[in-house]
Structures are given as C-alpha cells and as structure tokens.
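Residues per chain, in single letters:
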Amino acid sequence: MKKLTFLLLFTFFITGCSSESYRAEKAFYQATKVLKGVTAEQINADPASSLAPAIASFEKVVEQYPTSPKAAESLFKIADLQFTQKRFKEARETLKKVLPNFSRGGDWAPNARFRIAQLYEAEGRWTEAEKAYWEVADYHPVHQRGFYAPLHILLHYKQLKDTSNQNIAYEKALEHYEQALDAAGPIQASASIKNAMALVHLAQNHKEKAREEWLSIAQDFPSSPFAPLAFLTLAELSWKDQNPEQAFSDYERFFRVFDRHPLAGRTAVHAGMLRLFRKEFPEARDWFERALRDYFKTRPSEIADIKLLIGKTYQDEGKWEDAERYYGDLETNYSMTAAALQIPFARFLHYKATGDVERANQTLDQAIAHYKKLVAEDPHSKIAQYAKRFMFQAYTQKEDWDQVMLSADQELQGETSEDGKGRWLFLKALITENRLKDRERALALYQDFLAQYPGHPLSHMAKSHQEVLAKA
C-alpha cells in the first residue's frame with residue numbers, strides 16, 4: 001500500500017511539473033504571437049504604445065510561471081522591447097529579476113549581467129558599464145561571458161586610443177585571470193581561462209605572450225577543445241606576422257596531434273591555398289593531395305573542388321598538359337559539379353595568355369551553350385543555378401555587355417525577394433555607367449532603384465553614384 005501511494009505521488013509530481021511546463025510554453029507562444037502582430041512601421045511610428053501589449057503578455061508568463069525557463073526567456077524579451085522603447089533603466093531592472101531564480105548554473109544569470117552592462121554602454125554611461133562588466137567577470141569567472149568581459153573593456157579603451165586606461169584594464173584583466181586560474185586548478189576550465197589570457201595579450205599586442213599561453217593549452221590540456229584551435233590560431237598569427245615557415249610548422253604540429261579533428265580536412269586545403277598564394281606549387285599540391293587522400297574520399301563536390309585547385313597549381317606553374325589532365329578528369333567524372341563548370345575559364349585564360357584569342361573566345365562560346373542547356377533541362381536545380389552564375393561570368397569575360405544586361409533583366413524578372421531585385425537593378429545601373437558609358441540611362445536606373453528600394457543596403461552607394469552623375 002505504501003509503495004502504491006509513493007508511486008501515485010511520484011506520478012502526480014512528474015505530471016504536474018510537465019503540465020506546468022506545457023502551460024508556460026503555451027503562454028510564451030501566445031505572447032510571441034502578440035509580438036509578431038506588431039509591424040516594423042508601427043514600432044517606428046510609436047514604440048511606446050505599439051509594444052505595450054506584447055510586454056504585458058510576456059509579463060503574464062513571468063507572473064504565472066516565475067521559476068520556469070520561459071519566465072527567464074520572457075524577461076529577456078521584455079528587456080529587449082524596453083530597449084527598443086529607449087527605456088534603459090526599466091530594461092536593466094527587468095534583467096535583474098532574472099538573477100534570484102536563475103543564478104545556479106546555466107547561461108541565464110551571466111547573460112543577464114552582461115546585457116545589463118551592454119545597456120549602460122548603449123546609453124552612453126561607460127563608467128557604470130565598466131563596473132557591470134567587471135561584475136560579470138567576478139560573479140561568473142568560468143563562464144564564457146566572464147572570460148570575455150575583461151577583454152571587452154580593454155578593447156573599448158583600445159578603440160578610443162586611451163592608452164592609459166587600456167594599460168590599466170590589461171593589468172587588471174591579467175590579475176583577474178590569474179586568480180581564476182588559482183581557484184580552478186589543473187582542470188579543463190583552466191584551458192578556457194588561458195585562452196582568454198592569450199586574447200588579452202594579443203589585444204595588447206604582446207604576441208609572444210599570447211603564443212606562450214596557446215602553446216601551454218596545447219601541451220597541458222590536449223583533450224580540451226581549445227587545444228587544436230590553439231595550434232591553428234598560432235599558425236594564423238605566424239602567417240599574419242609574415243613568418244610563413246613558422247606558420248606551416250604550426251600546421252604540421254596540429255596534424256601530428258589532431259589529424260582526426262573535424263577541422264583537419266579544411267585546414268589541409270587552407271594550408272595548400274597559402275602555399276599556392278606563395279607560388280610554391282609542389283608544396284601546395286602536397287597539401288591538396290593530403291586533403292584528398294585523408295579527408296575527402298567520399299564527397300564528390302569537394303573532391304572536384306580540390307582537383308580543380310591541383311589543376312590550377314599546374315597551370316600557374318606553366319605545366320599545361322598536367323593541368324589539362326586534371327581538367328579532363330573533372331569533366332569526365334565530376335561533370336555535374338561547380339568545379340567542372342569553371343574549367344572553361346581556366347582554358348580561356350590559358351589560350352588568351354598564349355595569344356590564341358580566337359580559341360579563347362570559342363571556349364567561352366561553347367561553355368555558354370553548355371550552361372544554357374543545363375538551365376533548360378532543369379531550371380530549378382542547384383547545377384542550373386551554378387550554370388546561370390557562370391554564364392553571367394562568361395559574358396563578362398567576353399565583354400558582351402548587351403548579353404550581360406539581358407541576363408540581368410532575366411534574373412531580375414525571376415527574383416522573388418525585394419533585396420535580390422534591388423541588387424540586380426543596382427548591377428544594371430553600375431554596368432550602364434561603367435561599361436556602356438551611358439550617363440543619362442545610368443542616372444535614370446539609379447533614380448529608379450532609389451524610388452523602388454529606398455531602404456536597401458545599397459541605397460547609400462546608389463545615392464553616391466547618382467550625385468556624381470548629376471554633377472557630371
């Protein structure tokens with residue numbers, strides 16, 4: 001009997017918890033629907049009254065289910081909406097309500113404290129913001145927000161070129177990380193702290209100290225997710241410091257320890273690209289062939305991309321027959337890939353460089369016919385989208401601007417998004433101005449663009465071009 005009573009109570013408890021969680025989810029969903037019913041135009045016109053119903057709906061979630069995760073999520077939503085209303089103080093007070101019920105583990109409390117600091121900063125109250133950022137670091141020393149907060153302060157002063165306060169922030173950050181390391185001891189969290197220290201050293205332009213920290217992560221915490229990234233970061237640092245041999249040495253160390261890492265294949269290709277950039281063609285091929293052999297055995301499109309790069313190393317080295325061998329293999333065995341569709345451009349450049357302009361243009365004409373066929377066969381396929389892009393490129397290479405404009409018109413007619421339509425119209429105006437040299441028509445196209453898409457990301461560029469043409 002006692003056992004049955006216990007099971008009934010346990011079942012009631014679990015069911016009750018589940019039911020409350022469901023009700024909280026449902027209430028949050030209803031509040032989200034209220035928010036989605038508010039248009040951007042309404043918010044811009046009157047943020048105070050237009051957002052008030054949504055704020056009230058999220059406040060109900062908090063009142064009815066104060067300890068549920070949806071309550072915490074609702075408080076963040078309310079704070080964001082209050083920020084939109086420029087009610088900075090109220091937004092911070094809202095976020096402070098997260099702390100009592102959600103301070104044990106998880107991301108809610110550190111995210112709330114970090115957002116409070118951001119709100120002070122957005123309001124232009126840096127003194128309070130800096131204090132709040134340090135609170136994030138002090139209260140959450142082993143959380144991602146706690147790691148980043150001291151670096152954020154340092155970068156703020158660095159951007160202002162305030163060297164004195166930047167140096168103070170640097171020393172304080174190092175002291176904070178040292179204390180966090182002492183408290184953490186030899187555990188995996190120490191790798192995260194050391195990574196943060198390395199970033200602070202790097203921001204202060206102490207590159208050798210940053211290298212030492214990243215090396216210590218790789219050596220002392222090889223099972224940490226930061227360890228492989230440390231080697232890759234060291235390689236990038238060496239490359240940026242124009243020390244390529246050290247960079248490639250760092251890449252090799254990465255492969256000696258982490259050759260099965262998810263980033264290994266991409267890293268091999270990246271290292272090959274760097275060798276190719278330096279015109280070290282055999283070394284570049286070694287990296288690309290390693291990538292093919294060890295990491296990309298079963299993915300046709302990626303195999304094709306790497307084979308195209310190998311062909312390019314031969315072509316740039318002046319070994320056309322070897323390059324053509326790779327290009328022929330691509331066209332035979334990987335014909336329905338983006339890499340294969342790009343081969344006509346490689347041939348065009350080769351024939352043009354050797355002075356055979358007729359054959360170069362013939363290569364592009366054949367490519368255009370092939371691209372048109374692919375588009376006609378299945379206009380909505382992925383390969384057709386590639387074909388359209390390369391056909392546009394082929395017309396550009398031939399400087400056939402009438403066909404470029406016709407293709408742009410076709411794409412404009414088929415485009416469904418307003419952003420995409422605007423980009424095609426802007427491109428037409430740009431070609432008309434710079435290639436067709438038709439000032440009046442270009443001016444009309446820019447005016448048409450600005451009339452139809454006044455808030456488009458390219459509108460400021462269109463205005464600039466319009467002003468120049470109008471003055472001319």
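Our subject is the structure that appears above.
Residues numbered from 1 in each chain as written. Predicted model: local features only at pLDDT ≥ 70, side-chain atom pairs only at ≥ 80, totals over all residues. Heavy atoms only, no water.

A word on the nonpolar core
Across soluble globular proteins, nonpolar side chains show a tendency to be buried alongside one another. Grouped together as the largest cluster of nonpolar side chains are 54 residues, with contacts concentrated most on Tyr133, Ile153, Tyr177, Ile193 and Val200. If one sorts the elements of this core by residue count, helix 10 (residues 163-184) sits on top with eight residues. Those residues within four positions of valine 200 in sequence are excluded, and the remaining contacts are Leu151, Leu154, Tyr170, Ala173, Leu174 and Tyr177. Of all hydrophobic cores here, the second largest spans 49 residues; its members include Ile217, Val269, Leu274 and Phe296. (Core = buried A, V, L, I, M, F, W, Y, C linked by side-chain atoms within 4.5 Å. Buried < 20%, exposed > 50% of the residue type's maximum accessible area, 1.4 Å probe, protein only. Helix = DSSP H or I, 4+ residues; strand = E, 2+ residues; numbered from the N terminus. Contact = heavy atoms within 4.5 Å.)

Here's the deal with helix 11 (residues 189-203)
Its 15 residues place the ends of helix 11 22 Å apart at the C-alpha level, agreeing with the 21 Å of an ideal helix rising 1.5 Å per residue. Every buried residue of helix 11 is listed here: Ser190, Ala191, Ser192, Ile193, Lys194, Asn195, Ala196, Met197, Ala198, Val200, His201 and Ala203. Of the surrounding secondary structure, the elements contacted by the buried residues of helix 11 are helix 9 (144-159), helix 10, helix 12 (207-220) and helix 13 (226-240). Remark: asparagine 205 follows helix 11 within two positions and exhibits a positive phi of approximately 70 degrees. (Expected span 1.5 Å × (residues − 1).)

Considerations on the environment of glutamine 82
On the secondary structure map, glutamine 82 appears in helix 4 (residues 69-84). Since its relative accessible area comes to 4%, glutamine 82 is described here as buried. Sequence separation between glutamine 82 and glutamine 30 is 52 residues, and the spatial gap between their C-alpha atoms is 19 Å. Beyond its immediate chain neighbours, meaning those up to four positions away, glutamine 82 contacts Ile55, Arg87, Glu90, Ala91 and Thr94.

Here we look at the packing of helix 9 against helix 10
Where helix 9 meets helix 10, the axes come as close as 8 Å, and the angle between the chain directions of the two elements is 165 degrees. When the interaxial angle is binned, helix 9 and helix 10 end up roughly antiparallel. Between helix 9 and helix 10 the crossing geometry is left-handed. Along the contact surface, helix 9 presents Gly146, Phe147, Pro150, Leu151, Ile153, Leu154, Tyr157 and Lys158, while helix 10 presents Asn165, Gln166, Ala169, Tyr170, Ala173, His176 and Tyr177. (Axes fitted to C-alpha atoms, helices over the stretch in contact; angles between N-to-C directions. Parallel < 35°, antiparallel > 145°, perpendicular 65-115°, else oblique. Left-handed = near helix turned anticlockwise from the far one by under 90°.)

Details of the layout of surface pockets
To locate leftover empty space, one rolls a probe as large as a water molecule over the atoms. Taken as a whole, the largest pocket encloses approximately 440 Å³ of empty space. At the level of secondary structure, the elements contributing two or more residues to the lining of the largest pocket comprise helix 15 (264-277), helix 17 (300-316) and helix 20 (343-353). Residue contributions to the lining of the largest pocket peak at eight residues, all from helix 17. Of the residues contributing to the lining of the largest pocket, the split by class is 11 nonpolar, three polar and five charged. In this structure, the second largest pocket spans a volume of roughly 320 Å³. Forming the boundary of the second largest pocket are 14 residues, of which Gln385, Lys388, Arg389, Glu411 and Trp424 lie nearest the centre. (1 Å grid on protein atoms, 1.4 Å probe; cavity = no way out; pocket = protein on both sides within 12 Å on 5 of 7 lines; lining within 4 Å. Points joined across faces, edges and corners; volume = space filled by probe spheres on them. Nonpolar A, V, L, I, M, F, W, Y, C, P; charged D, E, K, R; others polar.)

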